[in-house]
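Examination of the molecular architecture
Residue-level listing of the chains:
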Amino acid sequence: MTDTAPPSIAARRLNGQALAPWLFLAPGVLFFLFYVVFPIFQSFNLSFYRWDGLGAAEFVGFGNYRELMTDRAFEVSMWNNLKWLVLYLLAIPAGLFIALFLNQTVAGIRIYKSLFFFPFVISQVVVGLVFTWFYDPTFGLLNTMLGWVGAGPINVLGDPTLATYGIIAAGLWPQIAYCMILYLTGLNAVDPEQVEAARLDGAKGWRMLWYVIVPQLRPATFIAFVVTIIGALRSFDLISIMTNGGPFGSTRVLSFYMFEKALSEYGFRMGYGAAIAVVLFLIMLVFIGYFLWTMWRQERGR
Amino acid sequence: MKTFTSALAVAVGLAAPAVAPAVAQDLSGTLTIFSDMSNPAPRAVMEKLASDFDALHPDLDVELTVIDREAYKTQIRNFLTANPPDVANWYAANRMRPYVDAGLFEDVSDLWAEPEIAENLASTKGALTLDGKQWGVPYTYYQWGVYYREDVYNELGLSEPQDWEAFKSNCQAILDSGRKCFTIGTKFLWTAGGWFDYLNMRTHGYDFHMALTNGEVPWTDDRVRATFANWRELIDMGAFIDNHQSYSWQEALPFMINGDAAAYLMGNFAVAPMREAGLGDDQLDFYQFPVIDPDVELAEDAPTDTFHIPSGADNKEAARAFLRYVVSADVQTAINAGDALGQLPVNASSSVDDDEMLEQGFAMLSSNSPGGVAQFFDRDAPAEMAAMAMEGFQEFMVFPDNLDDILARLEQARQRIY
């Protein structure tokens, strides 16, 4: 008894140390498994069925995916997602420049910072409504302003070639504010001694920015990339508010199309919606995988 | 004749309470009702219906749940399978199809066999019939047609058009005066479906329209093209307001109210907001969509809202009694009155409220719609086909040259959906 007691206490202590983190993690892990991981596999499974949400599901194999290949609305949605992805990234440099501009000590600078941050605080729905009124072809401010310079009235949200860009512009407004706040906090961490040293070496202007400041802002840039790309891929509310996917489906993106097919008033093709969701998930997975890999590499480097 | 019917209505109205207590003894337990009548006026009507029915049956407990009208459209799928009430609201025609096919609605053909209902509700029987059986009862419907600015017509010396030529020449006169003929907001697509319904039913008639919405006619058929050719005449004239693809139907109202557009092809629900915005009786009037082909019988759109018994209901006996109660002549008169729903009663023995639009609509639907009564494009066609087609209509209204492409797309969808 006395021989065996010490190792068992040690083992118990070891067990306790190994077990405690898992116990603390358990609720989170369980919820994550049940509400995130499990539905992902459920969606994968559902995408092989034809199901209206009421009757019995019918197995169709890759039928839904084959239909996606010939579905023009799906193609339009893919292209729009790409436009969102590329143009949304403009929020990062724009946010950086506003942050540099606001990163100074003037009386009342906090008020200006708050005002610039304001669009991120208000709801996307409100942003969408404000821009819809701004673009309104008959009563909108945009056409009044264009009138001052003699340009003809345009109906941004009613023109299939312009509508998506109009919505992206509305989306950029809050996203720039978000990137700005990320960079403002990043700028606080910039080492003044390095800036001083660079200045002694004669660096200024763009060279100073590019070679000294921006490299030190890498963590902020990384986060800005992550949130902007994910934000672009899950754009939904602005489209729903501003054009409802129209005119004639020209502003749909994958997430909106999935909603339309699976959950809207005229939808309830659950399998088809799930197939769209799977495609969107795989696209996102490429980016998320890259981000996770980068983070893991950084962690290991430390 | 009119005095006779109203006398009859009074007689039935008086008789009903006397008969009711005898029946009432049998009803007990709880009657749960899920309703989508969430707008203020309909909500008050529904609450009164529930409380009156409750008062008629002392042993019965009526529980009413009112759900937001838009949210209801998705929630009905959940509650019909998981937690069915005894009575639920829905819409007629193909909109019932998914629930009928899934066996979630109770067959109420027995109610329709009762003489009281069979005789008085004959006009809407078709809309509640699928696979030869009836699946619910209607409680209200409303007419569609052209609401126009009477003062603008008087100013230009125009009269209500009876045929297509007059319709177009009126429009030309309105355009020449610097206004648009029609306001419309197609952002949410369905308003364009109304134009298609009327143009198609006037060009080829009710039966062709039903065959098309049932998927029996290809979209690339020449007759469908003929309908679009008529539509195109109006589009090429510039009859519709510009940028309609950016507006909802409510956002299109100001054009009519400000006098920038002279008319609106709409359901009767558009009258209330136009009156509230200040259009008086001498400024607002109604006419039936004119004849295009004189050989085609007139047919109208009149969407019908309905009550159903879910097949999983607990208290089907009380539910049936409630359905009988809702369609009875006096209740129909009361709930469709101008101060209640402001729509048309479905019971032929009911009387219509003293309202210029409702009287015209009632006369039109009861005597001048020999071809039939359609529900509306998105209720007659299956949901998916309706969504794609209405998107095509919107595109056609903006880019009429894309017609071939649109029709080919719709035909492809038709072959897959039906």
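Residues numbered from 1 in each chain as written. Chains lettered and ligands numbered in written order. Predicted model: local features only at pLDDT ≥ 70, side-chain atom pairs only at ≥ 80, totals over all residues. Heavy atoms only, no water.

Bringing the overall build of chain B into the picture now. Each helix and strand counted, chain B has 20 helices and 13 strands in total. Taken against the 2.2 N^0.38 rule, which gives 22 Å for 418 residues, the C-alpha radius of gyration of chain B at 22 Å falls within 12% of a compact globule. Taken along the three principal axes of its C-alpha coordinates, chain B extends 70 × 50 × 35 Å. A total of 418 residues make up chain B; the buried ones form 57% of that total. For chain B, the accessible area works out to roughly 15,700 Å², and carbon and sulfur atoms hold 50% of it. (Helix = DSSP H or I, 4+ residues; strand = E, 2+ residues; numbered from the N terminus. Rg over C-alpha atoms; globule rule 2.2 N^0.38 Å. Buried < 20%, exposed > 50% of the residue type's maximum accessible area, 1.4 Å probe, protein only. Areas by Shrake-Rupley, 256 points an atom, 1.4 Å probe, with all protein chains shown as cover.)

Moving on, we get to the packing of aromatic side chains. Counted by the stated rule, this structure contains 67 aromatic pairs over all chains. A ring pair is formed by A:Phe31 and A:Tyr35, whose centres lie 5.8 Å apart and whose planes are at 20 degrees; its orientation type is stacked. Highlighted residues: A:Phe31 and A:Tyr35, both in helix H1 (residues 5-46), separated by 4 residues, approximately one helical turn. Residues A:Phe31 and A:Tyr35 agree in their burial class; the two are exposed. Pairwise contacts between aromatic rings join B:Phe34, B:Tyr72, B:Phe79, B:Trp90, B:Tyr91, B:Tyr99 and B:Phe105 into one cluster. Geometry around A:Tyr272 places A:Arg269 over its ring, the cationic atom sitting 4.3 Å from the centre. It is A:Arg297 that lies over the ring of A:Trp293; its NZ or CZ is 4.7 Å from the centre. (Phe/Tyr/Trp six-rings, centres within 6.5 Å; stacked < 30°, edge-to-face > 60°. Lys NZ or Arg CZ within 6 Å of the ring centre and 35° of its normal.)

Further remarks concern the sheet that holds strand S10 (residues 284-287) of chain B. All names here are of chain B. Ordered by their spatial adjacency, 4 strands build an open sheet running S8-S9-S7-S10, and the pairing between neighbours is mixed. Bordering the open sheet on either side are strand S8 (180-182) and S10, each of which pairs with just one other strand. The sheet shows a mean angle of 25 degrees between the axes of neighbouring strands, direction not considered. Where strand S7 (residues 144-149) lies against S10, 4 bridges are found, and the strand directions are antiparallel. Opposite Tyr-148, over in S10, you have Asp-285 as the bridge partner. Sitting on the sheet, helix H9 (residues 164-176) is in contact with S8, strand S9 (261-267) and S10, with an inclination near 140 degrees to S8. Here helix H17 (residues 356-367) sits on the sheet in contact with S7 and S10, set at roughly 0 degrees to S10. (Pairing = 2+ DSSP bridges. Axes fitted to C-alpha atoms, helices over the stretch in contact; angles between N-to-C directions. Contact = heavy atoms within 4.5 Å.)

Below, the discussion takes up the sheet that holds strand S2 (residues 60-66) of chain B. Residues and elements named next belong to chain B. Strand order in the open sheet made by the 5 strands is S2-S1-S3-S12-S6, with mixed pairing throughout. Edge positions in the open sheet fall to S2 and strand S6 (137-141), since each of these has one partner strand only. Mean inter-strand twist for the sheet, computed between neighbouring axes without regard to direction, equals 25 degrees. With 2 bridges joining them, strand S1 (residues 29-35) and strand S3 (residues 87-91) adopt parallel strand pairing. Within S3, the position partnered with Ile-33 by the bridge is Val-87.

Among the surface-exposed residues, A:Trp22, A:Leu25, A:Val29, A:Leu30, A:Phe31, A:Phe32, A:Leu33, A:Phe34, A:Tyr35, A:Val36 and A:Phe38 lie close enough to one another that they form a single nonpolar patch of about 1,200 Å² accessible area. Position of A:Leu33 among the secondary structure elements: in helix H1. (Patch = residues over 30% accessible without salt bridge, like charges linked within 9 Å, V, L, I, M, F, W, Y side chains within 5 Å. Salt bridge = Lys/Arg side-chain N within 4 Å of Asp/Glu carboxyl O.)

On to the domain arrangement of chain A. Residues and elements named next belong to chain A. Taken domain by domain, chain A comprises domain 1 (5-46) and domain 2 (70-301). Inter-centroid distance (C-alpha atoms) of domain 1 to domain 2 is 36 Å. Each partner contributes to the interface: domain 1 provides 4 residues, whereas domain 2 provides 6 residues. The junction of domain 1 with domain 2 conceals about 410 Å² of combined surface from both sides, 89% of it contributed by carbon and sulfur atoms. Of all residues in domain 1, Ser-43, Phe-44 and Leu-46 give up the largest surface area on contact with domain 2, accounting jointly for 84% of the area buried on that side. Summed over the shared surface of domain 1 and domain 2, the number is 0 salt bridges. In this structure, the connection of domain 1 to domain 2 is made through 0 residue pairs in polar contact (both at pLDDT 80 or more). Here the residues of the side of domain 1 that touches domain 2 are counted per class, giving 3 nonpolar, 1 polar and no charged. (Domains from an automatic or database assignment. Buried area = accessible area lost by both parts, 1.4 Å probe. Polar contact = N/O pair within 3.5 Å; in protein donor to acceptor, adjacent residues only side chain to side chain. Nonpolar A, V, L, I, M, F, W, Y, C, P; charged D, E, K, R; others polar.)

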